[in-house]
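Spelled out, the chains give:
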Amino acid sequence: MINFNVPPYIGTEDEYVIRAIHSHKICGDGEFTHKCSEWLETKMKVSKALLTTSCTHATEMAAMLADVKPADEVIMPSYTFVSTADAFVLRGAVPVFIDIRPDTMNMDENLIEAAITKKTKAIVPVHYAGVCCEMDVISDIAKKHGLMVIEDAAQAIQSYYKGKAAGTFGEFGCFSFHETKNLSMGEGGALLIRDEEYIEKAEIIREKGTDRSKFHRGQVDKYTWVDYGSSYLPSEMNAAYLYAQLEQADVIYRSRMASWEHYNDRLKKIAQDGRIEVPFIPSDCIHNAHMYYIKLKDIEERTAYINYLKDKGIMAVFHYIPLHSAPAGIRYARFNGKDIYTTKESERLVRLPLYYGLSSDEIDYICDMTEEFLRNRIG
Ligand SMILES: *Cc1c(COP(=O)(O)O)cnc(C)c1O
């Protein structure tokens, strides 16, 4: 059977996790936490990267740092994971959804301005499949209207827009190292902070509202409760697992990209006759091969395809019931403008297996079975 996902494992994780255990410093903010932060700061050219317990938590921190308050509005796509909205709903804010572009499945940057009201606080672009949103346009709109930009870059580690790393455009960038992402620590994430003025407050929020980070650096001789906060610091064992992968990030990247290109070479041929659609990568974007998806005719054909693959031992999945049609979305959020593409395109999309270690033979088999399915459909 071909799984949809296998968590990334490069081989040096064991040694590093054991090293973390034997350092007798397992709680976090130790050697591996710092190594990971440094790696992210250097590679992504950003003033601060803080490891967190998840991308969800990184986004919650960003919402606090942005001082999002009850009844504030936050503009985001409806086609996204629940965390994008949840982090703001927890602060009493209202997610305002806008439609996506059918080509990239990202928020349509041309619909943002019409959704801005006096209550709007932030724009939250989601870089779907590691393909960046139109960050030039989004940054200009934010500047013009005095809004913050908080990037949901959960899927976008090692993705670039016009040569600049995803997650470094807005005030805050939120990353995920969940086992389903390109690089992993089991559960975990990172908050990237663009402007130095937010660093101290972010460290306090991550450490239960205390100035413990300063204490660790020897800047204060005892630590105390200085503000509100929570517990968003991952353990050293998780950081050790991640560091092994960060060191080998290019190996993982090249392998995933080879798989992505292999799928694309085969499936774009089928796409030429209009039976399916393959991903579109704008020329300003360098993506990270996070995901390979195709779009079928409609939801009925997609269900048949997923079942067909399952019979052949291939696990393919779809995701994101648009948030505005979910019970919590109806209760806490609203959709601005018309849902022309969000529902329609989400119902046609299927994600194919893609993980570090997926073999070229397996990809050929999946593509063969896709061709077979489509041949049978024509009948
Ligand atoms: C995976 C994902 C998240 C959540 O990441 P966690 O680390 O599991 O909290 C948020 N947004 C998007 C778009 C994601 O793909």
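Everything here concerns the structure above.
Everything numeric here is computed off the predicted structure, so don't read it as measured data.

S.K.: If you had to explain the pattern of salt bridges to someone new, which residues and values would you point to?
M.R.: Within the structure shown, the criterion is met by 29 salt bridges. Residues participating in the shared-partner salt-bridge network are Glu277, Lys295, Lys344, Glu345 and Arg348.

S.K.: Before we move on, can you summarise helix 1 (residues 13-22) with the specific residues and values?
M.R.: Listed as buried for helix 1 are Glu13, Tyr16, Val17 and Ala20. Seen end-on, helix 1 carries its buried residues on one side only, within an arc spanning 100 degrees. Each element contacted by the buried residues of helix 1 is listed here: helix 2 (31-44) and helix 9 (236-247). Positive phi shows up at histidine 24, right after helix 1, with a value of about 55 degrees.

S.K.: Could you give an account of the site of the ligand, naming the residues involved and the relevant values?
M.R.: Around the ligand there are 15 residues in total, and Thr56, Asp152, Gln155, Ser176 and Lys181 lie nearest to it. The contact in question runs from an oxygen atom of the ligand to an N or O atom on the backbone of cysteine 55, over 2.9 Å. At a separation of 2.5 Å, an oxygen atom of the ligand approaches a polar side-chain atom of threonine 56. Burial of the ligand by the protein amounts to 92% of the accessible area it has alone, namely 390 Å².

Parameters and conventions
- Residues numbered from 1 in each chain as written.
- Predicted model: local features only at pLDDT ≥ 70, side-chain atom pairs only at ≥ 80, totals over all residues.
- Heavy atoms only, no water.
- Salt bridge = Lys/Arg side-chain N within 4 Å of Asp/Glu carboxyl O.
- Buried < 20%, exposed > 50% of the residue type's maximum accessible area, 1.4 Å probe, protein only.
- Helix = DSSP H or I, 4+ residues; strand = E, 2+ residues; numbered from the N terminus.
- Arc of directions from axis to C-beta.
- Contact = heavy atoms within 4.5 Å.
- Near = heavy atom within 4 Å.
- Polar contact = N/O pair within 3.5 Å; in protein donor to acceptor, adjacent residues only side chain to side chain.
- Areas by Shrake-Rupley, 256 points an atom, 1.4 Å probe, with all protein chains shown as cover.

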